[in-house]
Amino acid sequence: MAEPAKAIHGTLIHSSTPTQLKVLPDTLVILSPSGTILSLQPNTNRLRVAAVLAEQGFERLPLTTLSPGQFFIPGFVDAHNHAPQWMQRGLGQGMHILDWLDGITFPNEAKFADASHAESVYGKLVRGMLRQGVTTASYYGSLHGEATRVLASACLRGGQRALIGKCNMDRNSPSFYREASAGESIAATQSCIRHIRAIDPEGSLVRPVLTPRFAISCTAQLLRSLGEMARQDPSLAIQTHFNEAAQEIDATLSLFPEFRNEADLYSSFGLLTPRTILAHCTIMTPYEIGKLRDLGCGVAHCPTANMTVGGGFMAAPVKEFLRRDINVGLGTDSGGGYSSSMLNAMRHALVTSYARDALYPGFAARDEGERRAEGSGGEALSLEEAFYMATRGGAKVVGFDGQIGHFAVGMEFDALLVDMRDERNGVNVPLDEDGDSAQRMLEKFVMTGDDRNIALVYVKGKLVYGDGL
């Protein structure tokens with residue numbers, strides 16, 4: 001075994017499959033200095049931990065021991081978040097998507113032309129996200145290259161794992177918030193990529209992601225250039241909005257009348273790949289679902305935003321995505337969604353799936369004679385599936401699944417210490433005096449807990465939030 005740095009003893013819970021939880025009770029975890037799990041030994045009696053460590057020659061190894069009512073879960077992965085919208089969360093609820101962008105979002109994001117404003121906001125963003133247990137996020141920046149470089153540096157400095165993308169926008173937005181040309185947009189993107197790779201050459205924490213905001217705000221030349229960048233560099237991830245709302249879809253297809261759907265549109269520019277993260281995907285046809293599956297694209301499901309901003313109550317066919325083995329993660333879409341909490345994202349994912357299950361097959365297709373993809377019924381998600389999407393599923397979608405998302409030897413320790421005891425002064429359902437099972441505690445946390453129950457946050461084995469047990 002390599003030289004260790006620390007040891008942890010307690011209960012760990014993670015997803016083994018989208019529908020199954022795995023509880024690792026009384027587990028002794030030994031971490032390397034770089035945060036890799038060197039050893040994972042479940043069912044190690046608490047009274048034997050010191051002796052076990054001594055037998056392995058680690059008697060002086062720093063040890064963190066959990067108390068009853070505490071357990072570790074993998075860090076949350078926010079697969080879709082707009083970093084510059086941190087200060088506008090909750091504004092414009094109920095507005096149609098394009099009206100919301102013009103009236104609230106673009107004026108706010110335009111402020112990030114000032115790098116000092118970006119420094120102030122992005123420091124708050126990273127601290128706020130880590131406090132809520134988001135150890136990994138896929139961030140859309142503003143269209144400003146300098147502000148996006150600030151975002152990448154803030155994530156690295158704060159210890160948050162992230163994809164960082166400069167928004168590409170060269171048309172159909174206000175003159176004060178629009179790039180002059182496709183060439184200018186690509187040059188700024190390339191500069192951001194160089195910066196991100198310079199500050200983290202191995203991509204261990206921060207990585208670049210190509211970020212055409214959506215086809216409405218990008219000329220064909222810009223989309224084509226981004227697709228060519230993705231083709232030339234297979235390591236680059238791609239993220240964009242996809243079939244978010246009826247108003248957005250209609251506007252998109254009016255700009256690209258040669259296409260009947262967004263799947264063919266983005267695919268034609270080389271932007272649908274196994275490295276692509278498609279946010280929302282609320283209004284989907286069977287053809288489009290099949291195409292995303294065949295091309296290996298991932299979906300960032302944003303239930304909070306889809307119920308509050310966009311133009312109606314939109315419920316993505318998430319169960320059908322999972323049935324088709326499409327990778328699905330959860331996103332907060334802050335501030336399209338009013339909440340940056342992944343706990344809320346899990347709860348809202350359940351609520352919207354229950355709505356689909358109750359209303360099915362009452363969702364009309366957007367094109368006459370074409371039915372919305374409905375699968376074979378049974379649209380309700382389980383808590384296990386929601387938890388999977390917030391952790392292991394999200395890690396797959398953002399391309400970090402080789403490092404994080406579950407606990408195993410060789411994986412990196414991105415984890416949350418959840419504390420459900422009364423001492424945390426949370427509003428969660430209290431624990432049963434006779435003792436709740438680990439799975440019962442997890443269910444109480446997901447459905448009734450909040451950030452007060454997140455005592456410690458680790459990224460790569462390093463404590464990035466919290467100051468002790």
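Reading the values: rules and limits
- Residues numbered from 1 in each chain as written.
- Predicted model: local features only at pLDDT ≥ 70, side-chain atom pairs only at ≥ 80, totals over all residues.
- Heavy atoms only, no water.
- UniProt positions renumbered as here; feature names shortened; annotations may be inferred.
- Helix = DSSP H or I, 4+ residues; strand = E, 2+ residues; numbered from the N terminus.
- Rg over C-alpha atoms; globule rule 2.2 N^0.38 Å.
- Contact = heavy atoms within 4.5 Å.
- Expected span 1.5 Å × (residues − 1).
- Buried < 20%, exposed > 50% of the residue type's maximum accessible area, 1.4 Å probe, protein only.
- Polar contact = N/O pair within 3.5 Å; in protein donor to acceptor, adjacent residues only side chain to side chain.
- Pairing = 2+ DSSP bridges.
- Core = buried A, V, L, I, M, F, W, Y, C linked by side-chain atoms within 4.5 Å.
- Salt bridge = Lys/Arg side-chain N within 4 Å of Asp/Glu carboxyl O.
- Axes fitted to C-alpha atoms, helices over the stretch in contact; angles between N-to-C directions.
- Parallel < 35°, antiparallel > 145°, perpendicular 65-115°, else oblique.
- Left-handed = near helix turned anticlockwise from the far one by under 90°.
- Phe/Tyr/Trp six-rings, centres within 6.5 Å; stacked < 30°, edge-to-face > 60°.
- Lys NZ or Arg CZ within 6 Å of the ring centre and 35° of its normal.

The protein appears in an unreviewed UniProt entry as Probable guanine deaminase from Trichoderma cornu-damae. Under Catalytic activity (unreviewed entry), UniProt gives the following word-for-word description of the protein: "guanine + H2O + H(+) = xanthine + NH4(+)". For the protein, the Sequence similarities (unreviewed entry) comment in UniProt is given as "Belongs to the metallo-dependent hydrolases superfamily. ATZ/TRZ family."

**Some details on the overall build of the protein**
Counting secondary structure elements, the protein contains 15 helices and 17 strands. For a compact globule of 469 residues, the expected C-alpha radius of gyration is about 23 Å, and the protein comes in at 22 Å, within 12% of that figure. Structurally, the protein occupies a C-alpha span of about 70 × 50 × 40 Å along its principal axes. Residue pairs in contact within the protein that sit at least 24 positions apart in sequence constitute 73% of those at least 6 positions apart.

**Let's talk about helix α3 (residues 115-131)**
Here α3 is 17 residues long and its end C-alpha atoms lie 24 Å apart, about the 24 Å a rise of 1.5 Å per residue gives. Buried within α3 are the following residues: Ala115, Ala118, Val121, Tyr122, Gly123, Leu125, Val126, Gly128, Met129 and Leu130. In this fold, the buried residues of α3 make contact with β6 (76-82), β7 (134-140), α4 (145-158), β16 (454-459) and β17 (462-465). One or two steps after α3, the chain reaches glycine 133, where phi turns positive at roughly 85°.

**A few points about the environment of arginine 89**
Relative to the elements of secondary structure, arginine 89 occurs in the loop between β6 and α2 (97-110). Counting along the chain gives 249 residues from arginine 89 to tyrosine 338, while the straight-line C-alpha distance between them is 4.9 Å. With near-sequence residues (within four places) excluded, arginine 89 lies in contact with Ser334, Gly335, Gly337, Tyr338 and Ser340. Here the side chain of arginine 89 touches tryptophan 86 through a polar contact of 2.8 Å, landing on its backbone oxygen.

**What to know about the pairing of strand β15 (residues 415-419)**
Burial within β15 is extensive, with five of its five residues counted as buried. Of the two faces of β15, the one lined by Ala415, Leu417 and Asp419 and the one lined by Leu416 and Val418 are each fully buried. Judged from the five bridges that link them, strand β5 (residues 70-74) and β15 form a sheet pairing that is antiparallel. Counted as the bridge partner of glutamine 70 is aspartate 419 from β15. Relative to β16, β15 runs antiparallel, the two sharing four bridges. Looking at β16, one finds that alanine 415 is bridged to tyrosine 458.

**Remarks on helix α7 (residues 246-255)**
Given 3.6 residues per helical turn, the α-helix brings residues three or four places apart onto the same face. Every buried residue of α7 is accounted for by Glu248, Ile249, Ala251, Thr252 and Leu253. Along its buried surface, α7 packs onto α2 and α8 (262-268).

**A few points about the nonpolar core**
Grouped together as the largest cluster of nonpolar side chains are 108 residues, with contacts concentrated most on Ile73, Phe76, Tyr122, Tyr139, Leu292 and Phe445. Formed by 15 residues, the second largest nonpolar core is a distinct cluster that contains Val29, Ile37, Phe72 and Ala455.

**A closer look at the environment of tyrosine 139**
Along the polypeptide, tyrosine 139 turns up in strand β7. When its relative accessible area of 0% is taken as the criterion, tyrosine 139 is described as buried. For the pair tyrosine 139 and leucine 163, spaced 24 residues apart in sequence, the C-alpha to C-alpha distance is 5.8 Å.

**Regarding the pattern of salt bridges**
For the coordinates displayed, the defined rule picks out 20 salt bridges. Note that arginine 157 is salt-bridged to glutamate 119, the shortest N-O span being 3.9 Å. Placement of the pair is arginine 157 in helix α4 and glutamate 119 in helix α3, with a sequence separation of 38 residues. Residue arginine 157 is classed as exposed on the basis of its relative accessible area of 57%. Owing to a relative accessible area of 43%, glutamate 119 belongs among the partly exposed residues under this scheme. With a shortest N-O distance of 2.9 Å, arginine 421 and aspartate 419 are connected by a salt bridge. Accessibility expressed as a relative area gives 2% for aspartate 419, which makes it buried.

**Quick word on the packing of helix α12 (residues 342-359) against helix α13 (residues 383-390)**
α13 packs onto α12 with a crossing angle of 140° between their chain directions and a minimal axis gap of 9 Å. Taken together, α12 and α13 sit at an angle that is classed as oblique. The two elements α12 and α13 cross, and the hand of that crossing is right-handed. Seen from α12, the contacting residues are Met342, Met346, Ala349 and Leu350; seen from α13, they are Leu383, Ala386, Phe387, Met389 and Ala390.

**As for the packing of helix α5 (residues 182-199) against helix α6 (residues 220-232)**
Interhelical geometry of α5 versus α6 gives an angle of 30° and a closest axis separation of 9 Å. With respect to each other, α5 and α6 are oriented roughly parallel. The way α5 lies across α6 gives a crossing that is right-handed. For the pair α5 and α6, contact is made by Ala182, Ser185, Ile186, Thr189, Gln190 and Ile193 and by Gln221, Leu222, Ser225, Leu226 and Met229, respectively.

**A closer look at the packing of aromatic side chains**
Here the structure, examined in full by the defined rule, presents eight aromatic pairs. Aromatic side chains phenylalanine 112 and tyrosine 122 sit 5.2 Å apart centroid to centroid with 25° between the ring planes, which places their arrangement in the stacked category. Taken as a pair, phenylalanine 112 in the loop between α2 and α3 and tyrosine 122 in helix α3 lie far apart in primary sequence, 10 residues in all. For the pair phenylalanine 112 and tyrosine 122, one class covers both residues: buried. Each member of the aromatic cluster is reached from another via a ring pair, and the members are Phe72, Phe407, Phe413 and Tyr458. Geometry around tryptophan 86 places arginine 89 over its ring, the cationic atom sitting 3.8 Å from the centre.

**Points about the environment of glutamine 70**
As for its placement among the helices and strands, glutamine 70 is situated in strand β5. Within the structure, glutamine 70 has its side chain in polar contact with the backbone nitrogen of serine 67 (distance 2.7 Å). Within the structure, glutamine 70 has its side chain in polar contact with the side chain of aspartate 419 (distance 3.0 Å).

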